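An overview of the molecular structure
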Amino acid sequence: MNAANYLYVSALLFTIGAVGVVVRRNAIVVFMCVELMLNAANLAFVTFARINGSIDGQIMAFFTMVVAACEVVVGLAIIVTIYRSRRSASVDDASLLKR
Amino acid sequence: MQINNGLVYLIALPLAGAIILLLAGRLADKWGHIFATLMSASSFAVGLLQLSQMLARPAEERAVEQKLFEWISVGSFQVDAGLLLDQLSICFVLLITGVGTLIHIYSISYMSHDKDRRRFFAYLNLFIAAMLLLVLGNSFLNLYVGWEGVGLASYLLIGFWNQKPAYATASKKAFIMNRVGDMGLSFAIMIAFASLGTVSFSGVKEAVPQASTASLTAIGIMLLVAAVGKSAQFPLQAWLGDAMAGPTPVSALIHAATMVTAGVYLITRSNFIFDAAPTAQLLVVIVGAITLLFGAIIGTAKDDIKKALAASTMSQIGYMILGAGLGPVGYAFAIMHLITHGFFKAGMFLGAGSVMHGMDDEVNMRKYGNLRKFMPITFVTFGLGYLAILGVPPFAGFYSKDMIIETAFNAGGIKGILLGSAALLGAGLTAFYMTRVMILTFTGTPRWDEKADPHESPILMWLPMVILAIGSVTSGFLLSRGDALVHWLEPLFAEHGEHEELLKPIVVTSLALLMVAIGVAIAFLKYSRSEVSRTAPEDVSILTKIVRRDLLQDDFNEALFMRPGQALTSTLVKTDEIVIDGAVRGIGSAALSSAGALRASQTGFVRSYAALILIGAVALVAAIWVVTK
């Protein structure tokens with residue numbers, strides 16, 4: 001199978017994720033979209049590792065997973081805390097910094 | 001040159017007096033005046049001791065030096081703080097400490113009602129110390145320290161009653177106008193160092209023959225500027241009249257007998273420079289001749305007794321400067337007139353103080369009259385000073401002033417005739433205004449205010465006046481007997497050849513006496529035969545009005561210096577406000593408004609930030625793609 005197809009999938013996933021981050025209001029959904037973008041990047045890494053016959057891209061993918069796991073922990077904690085205090089998980093409501 | 005380590009005591013004693021009195025404060029109120037007088041008197045005693053030692057030595061070994069400490073030592077520039085006592089300085093030392101001590105004694109009584117008498121005496125001692133440093137310094141730089149010191153003492157004493165704003169202004173005026181002269185002195189020192197490489201009197205004297213005429217002329221002119229400022233000569237003369245705001249003993253000591261003659265000392269001390277710079281010397285005589293007439297003319301219209309005497313001082317110092325500008329032949333006569341003037345003018349000022357003492361501090365002569373009946377001692381001592389300043393033989397002024405007039409005539413050519421005529425005319429004017437002072441004050445009918453209570457002053461006041469009057473009578477005769485002073489000072493000055501005489505001495509003397517007689521006669525006709533009004537008449541000619549305004553000296557200074565100066569400063573202030581402040585404030589407000597505009601872009605919406613990041617990232621990638629393709 002042509003390796004370029006994996007890159008198309010990766011680009012598609014990334015675009016879906018990016019659009020989701022920009023257009024959705026629910027913090028959880030935005031969060032999932034961020035995860036989608038990370039995974040799209042991972043897919044691209046692995047694909048390039050395969051194409052170039054090098055192991056560097058695969059190692060990079062592991063790093064990305066670790067970072068993503070950490071991010072999930074911190075991010076979810078923040079979202080939950082905001083939800084508790086404001087009874088809302090909308091990212092538009094959390095705009096106190098503008099003044 | 002001989003070393004004498006006793007010179008420092010001349011200065012140290014009055015300086016210690018000043019420091020102790022200023023530091024002790026109110027603790028010294030009870031004994032401060034006596035202490036200060038003792039300090040001044042002991043300095044006088046040291047001076048007499050030095051004189052007796054000096055007389056014991058042969059003429060060429062009379063000068064003594066004392067090195068105090070190494071003052072400035074930078075590369076090839078070496079200045080020691082050192083003192084020099086020679087035939088010229090000893091005259092000044094004795095005049096300063098002698099007249100100074102008499103005035104200290106006078107002030108004990110004159111200032112007895114003033115709560116700040118101690119401070120007054122501290123300043124007087126400070127002045128004596130500074131003036132002695134001025135005449136004892138062995139280099140121009142040491143002289144400069146004393147020069148500034150007397151300026152400070154003069155400022156403090158003119159403004160002694162600074163609770164009156166006019167008096168405080170007068171002291172500032174004196175100080176500022178003196179600064180102009182002081183700048184001249186500092187320039188002279190700088191030029192001397194730059195072109196001659198030394199600033200000590202002996203060093204400069206040795207360097208003069210090799211120096212260029214241009215630099216010597218520059219030094220000479222700058223020294224003249226200094227002398228003009230300190231000695232209230234034209235065109236820096238305007239401060240002296242206002243300086244009469246100070247207590248009368250101050251006017252007698254500082255603004256008649258000693259400090260204002262420092263310019264004459266400076267020129268005489270720098271004789272080797274002026275002898276080698278004819279242009280500067282010519283300027284000196286011009287300044288002297290102008291001032292002696294200027295002062296005399298102002299004196300004719302003054303109703304304030306102290307200001308009349310101040311104008312007279314200005315005029316008499318003009319004579320001295322004229323004498324000093326005539327070269328080696330005139331220096332000794334300038335110093336002789338300086339000494340005799342020190343006696344008679346200090347005596348007359350003290351007399352004026354005595355009159356004011358009895359007249360409730362009234363200074364307007366139009367409110368005096370007939371005081372000779374009430375103040376006989378003051379009348380007699382003032383009268384002797386009057387005869388001395390007129391130059392009536394055998395009083396002191398006759399010997400000194402006559403010699404200057406004669407020397408001026410002998411200066412040669414048209415210059416001699418002009419200078420001699422100016423000096424003669426000045427003698428006539430002097431006779432007129434001094435006779436006017438005498439008539440208005442001591443004769444005629446009383447025109448007193450109700451509060452006036454004319455009475456003779458206490459002994460502490462009249463005793464110094466009597467001693468100074470004796471000096472006014474005898475000093476001229478004693479100093480000129482066998483040319484005593486001329487021979488005494490001879491080693492200091494260059495040799496001078498015999499001048500051809502334009503007029504015989506007897507002719508000059510007769511002419512001078514004739515001018516004096518005319519001046520006295522006019523004054524008698526004008527003031528003695530008719531009643532003097534208590535207020536100055538208003539229906540007078542424009543010339544009188546100009547003279548009353550001191551020949552427009554203040555208007556001139558205001559128009560030429562003060563107003564342009566004010567315009568300049570206000571322009572600078574405006575520039576500062578508009579340009580400098582404007583730039584600073586503009587930067588501030590520009591930052592503020594642009595920040596306000598930029599703030600609008602910060603919405604606080606997470607999604608818009610995310611979109612911006614996305615757009616940015618896409619743009620970045622696109623840019624890289626375009627560039628690398």
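Residues numbered from 1 in each chain as written. Chains lettered and ligands numbered in written order. Predicted model: local features only at pLDDT ≥ 70, side-chain atom pairs only at ≥ 80, totals over all residues.

Attention now moves to the overall build of chain A. Helix and strand counts for chain A come out as 3 helices and 0 strands. Seen in sequence order, chain A has helices and strands lined up from the N terminus as α-α-α. The C-alpha radius of gyration of chain A comes to 17 Å, more than 25% above the 13 Å expected for a compact globule of 99 residues. In terms of overall dimensions, chain A has a C-alpha envelope of 50 × 25 × 25 Å along the principal axes. Counting all 99 residues of chain A, 14% fall into the buried class. For chain A, long-range pairs separated by at least 24 residues make up 47% of all intrachain contacts whose partners lie at least 6 apart in sequence. (Helix = DSSP H or I, 4+ residues; strand = E, 2+ residues; numbered from the N terminus. Rg over C-alpha atoms; globule rule 2.2 N^0.38 Å. Buried ≥ 20, exposed ≤ 12 C-beta atoms within 10 Å, placed from the backbone. Contact = placed C-beta atoms within 7 Å.)

Looking only at helices and strands, chain B features 24 helices and 3 strands. Dimensions of chain B, computed from the C-alpha atoms along their principal axes, are close to 115 × 65 × 60 Å. Relative to its 629 residues, chain B shows a buried fraction of 51%. Restricting the contact set of chain B to residue pairs at least 6 apart, pairs at least 24 apart contribute 81%.

Residues and elements named next belong to chain B. Packing of helix α3 (residues 87-110) against helix α15 (residues 328-358) leaves a shortest axis separation of 11 Å and a crossing angle of 5°. Looking at the two axes, α3 sits roughly parallel to α15. Here Leu88, Cys91, Leu95, Val99, Ile103, Tyr106 and Tyr110 of α3 come into contact with α15, specifically with Ile335, Ile339, Gly342, Ala346, Leu350, Gly353 and His357. Across the contact of α3 with α15, the residue classes break down as 11 nonpolar, 3 polar and no charged. (Axes fitted to C-alpha atoms, helices over the stretch in contact; angles between N-to-C directions. Parallel < 35°, antiparallel > 145°, perpendicular 65-115°, else oblique. Nonpolar A, V, L, I, M, F, W, Y, C, P; charged D, E, K, R; others polar.)

A word on the pairing of strand β3 (residues 77-85) of chain B. Residues and elements named next belong to chain B. The sheet contact formed by strand β2 (residues 64-74) and β3 spans 9 bridges and is antiparallel. Across the sheet, the residue bridging to Phe69 is Ala81, located in β3. Counting the residues that bridge the hairpin from β2 to β3 gives 2 residues, and of these Gly75 lies at a positive phi of roughly 55°. (Pairing = 2+ DSSP bridges.)

Tallying the contact residues gives 9 residues for chain B and 10 residues for chain A. The residue makeup of the side of chain B that touches chain A, split by class, is 5 nonpolar, 3 polar and 1 charged.

If you look at the biggest cluster of nonpolar residues, it comprises 204 residues, and the most contacted ones within it are Phe127, Leu132, Leu223, Leu322, Ile335 and Ala346 of chain B. If we skip the residues at most four places from it in the chain, Phe127 of chain B touches Val150, Ala153, Leu157 and Ile254 of chain B. Within the second largest apolar cluster, 8 residues are counted, among which are Ala18, Ala27 and Cys33 of chain A together with Val606 of chain B. (Core = buried A, V, L, I, M, F, W, Y, C linked by C-beta atoms within 7 Å.)

Each assigned domain of chain B is listed with its residue range as follows: domain 1 (277-548) and domain 2 (556-594 + 605-628). Distance between the C-alpha centres of domain 1 of chain B and domain 2 of chain B: 69 Å. (Domains from an automatic or database assignment.)

Quick look at the sheet that holds β3 of chain B now. All names here are of chain B. On the basis of which strands lie adjacent, the open sheet formed by 3 strands has the order β1-β2-β3 and mixed pairing. Every interior strand has two partners, whereas the edge strands, β1 (2-3) and β3, have only one. In this fold helix α1 (residues 7-24) packs onto β2 and β3, with an angle of close to 75° to the strand it touches most, β2.

Attention now goes to unusual backbone geometry. All names here are of chain B. Of note, the bond from Phe234 into Pro235 is cis; its omega dihedral lies within 30 degrees of zero at 5°. Positionally, Pro235 belongs in the loop between α8 (213-230) and α9 (239-242). Here the amide bond leading from Pro393 into Pro394 is cis, since omega sits at 5°, within 30 degrees of zero. Mapped onto the secondary structure, Pro394 falls in the loop between α16 (376-390) and α17 (396-409). The phi angle at Ala232 is positive, at roughly 55°, despite the residue not being glycine. Mapped onto the elements of the fold, Ala232 is located in the loop between α8 and α9. For Ala232, a count of 29 C-beta atoms within 10 Å corresponds to the buried category. In this structure, Asp361 takes a positive phi of about 60° despite not being glycine. As for its placement among the helices and strands, Asp361 is situated in the loop between α15 and α16.

Attention now moves to the confidence of the model for chain B. Interpretation of the predicted coordinates at a detailed level should be avoided for regions scoring low in pLDDT. Residue-level pLDDT values for chain B average 89, and 99% of them are 70 or greater. Scoring of the predicted complex yields 0.79 for pTM and 0.83 for ipTM. (pLDDT = per-residue confidence, 0-100.)

With that settled, the discussion passes to helix α11 (residues 262-269) of chain B. Burial of α11 of chain B is extensive: 8 of the 8 residues sit out of reach of the surface. Of the positions making up α11 of chain B, those classed as buried are Ala262, Gly263, Val264, Tyr265, Leu266, Ile267, Thr268 and Arg269 of chain B.

Here we take up the packing of α16 of chain B against helix α19 (residues 459-480) of chain B. Residue and element names in this part refer to chain B. Taken N-terminus to C-terminus, the directions of α16 and α19 make an angle of 25°; their axes are 9 Å apart at the nearest point. The angle between α16 and α19 places the two elements in the roughly parallel class. As α16 runs across α19, the sense of the crossing is left-handed. Judged by residue contacts, Ile377, Thr378, Thr381, Leu384, Gly385 and Ala388 of α16 engage Trp462, Met465, Val466, Ala469, Ser472 and Val473 from α19. Tallied by class, the residues present in the contact of α16 with α19 amount to 8 nonpolar, 4 polar and no charged. (Left-handed = near helix turned anticlockwise from the far one by under 90°.)

Turning to the environment of Ser510 of chain B, a few remarks are in order. Residues and elements named next belong to chain B. Its place among the elements puts Ser510 in helix α21 (residues 505-528). Residue Ser510 is classed as exposed on the basis of its 12 C-beta neighbours within 10 Å. Along the chain, Ser510 and Asp402 lie 108 residues apart, while their C-alpha atoms are 10.0 Å from each other.

Turning our attention to the pairing of β2 of chain B. Alignment of β1 of chain B against β2 of chain B, held across 2 bridges, turns out to be parallel. Each residue of the ladder has a partner; that of Gln2 of chain B, found in β2 of chain B, is Val64 of chain B.

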